[in-house]
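# A closer look at the structure
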Amino acid sequence: MTYEGADSMGIRPAIPLLLTMGQAADRLQVSRSSLYREIGRGRLHVVKLGHLTRIRLEDLEAYVSGLAAPRH
């Protein structure tokens, strides 16, 4: 994983462990609707923090790794 913790000054890491829906959609270059569709189909897992919905970076990476290349 590419994450490194915050330094002694408390500066946030460049790559967060939990992504917002918008951040995850941006990283995949898809719409938020497409992202929610994949979540609804059980292909991508989310974390609930109270009323907040987040996607763990490692779950997003696993999702991408599991995508099959289109066959011609």
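Heads up: these notes are all about the structure in this document. Given the structure is predicted, the values throughout are model-derived calculations rather than measurements.

Time to look at the nonpolar core. In terms of nonpolar packing, the biggest core is built from eleven residues, these being Leu19, Met21, Ala24, Ala25, Leu35, Ile39, Leu44, Ile55, Leu57, Leu60 and Tyr63. Of all elements in the fold, only α1 (21-28), α2 (32-40) and α3 (57-65) reach the threshold of two or more residues within this core.

Right, let's talk about the pattern of salt bridges for a bit. In the structure shown here, the tally under the stated rule is four salt bridges. Among the ionic pairs, Arg56 bridges to Glu58, the shortest N-O distance being 2.9 Å. Classification of Glu58 as partly exposed rests on a relative accessible area of 38%. Put simply, Arg56 and Asp59 hold a salt bridge, and the shortest N to O gap is 2.9 Å. Exposure remark for Asp59: the relative accessible area of 16% places this residue in the buried category.

This brings us to the sheet that holds strand β1 (residues 18-19). Taking strand neighbours across the sheet as the criterion, the three strands line up as β1-β3-β2 in an open arrangement whose pairing is antiparallel. Each end of this open sheet is capped by a strand with a single partner; those strands are β1 and β2 (47-49). Examined bridge by bridge, β2 and strand β3 (residues 52-56) share three bridges and lie antiparallel to one another. Within β3, the position partnered with Lys48 by the bridge is Thr53. Sheet strands in contact with α3 are β1 and β3, and its direction is about 55° off that of β3.

To continue, consider a nonpolar patch on the surface. A cluster of nonpolar side chains, Leu17, Leu18, Leu49 and Leu52, forms an exposed patch at the surface whose accessible area comes to about 290 Å². Here Leu18 lies in strand β1. Its relative accessible area of 31% is what places Leu18 among the partly exposed residues.

Rules used in this analysis
- Sequence order as written defines the numbering, with residues in each chain counted from 1.
- In keeping with the predicted nature of the model, local features appear solely for residues at pLDDT of at least 70, side-chain atom pairs appear and are counted solely at 80 or more, and the whole-chain, interface and lining totals rest on all residues.
- With hydrogens and water set aside, each side-chain value is computed from the structure's full complement of heavy atoms.
- To define a nonpolar core, start from buried Ala, Val, Leu, Ile, Met, Phe, Trp, Tyr and Cys residues and group those joined through side-chain atoms within 4.5 Å.
- Summary of the burial criterion: residues with accessible area below 20% of their type's maximum are buried, those above 50% are exposed, and those between are partly exposed, where the area comes from a 1.4 Å probe applied to protein chains only.
- Helix numbering and strand numbering both begin at the N terminus, where a helix is a DSSP run of H or I of at least 4 residues and a strand a DSSP run of E of at least 2.
- Any carboxyl oxygen of Asp or Glu that lies within 4 Å of a side-chain nitrogen of Lys or Arg is treated as forming a salt bridge with it.
- Each pair of strands is called paired provided DSSP finds at least two bridges between the two strands.
- Throughout, a residue-residue contact means that at least one pair of heavy atoms, one from each residue, lies within 4.5 Å.
- Geometry is summarised by axes, namely lines fitted to C-alpha atoms with helices restricted to the contacting stretch, and by angles between N-to-C directions that run from 0 to 180 degrees.
- Each patch is built from salt-bridge-free residues with over 30% relative accessible area, joining like charges within 9 Å and nonpolar side chains (Val, Leu, Ile, Met, Phe, Trp, Tyr) within 5 Å.
- All accessible areas in this document rest on Shrake-Rupley with a 1.4 Å probe, and a residue is counted as covered only by the protein chains that are shown.

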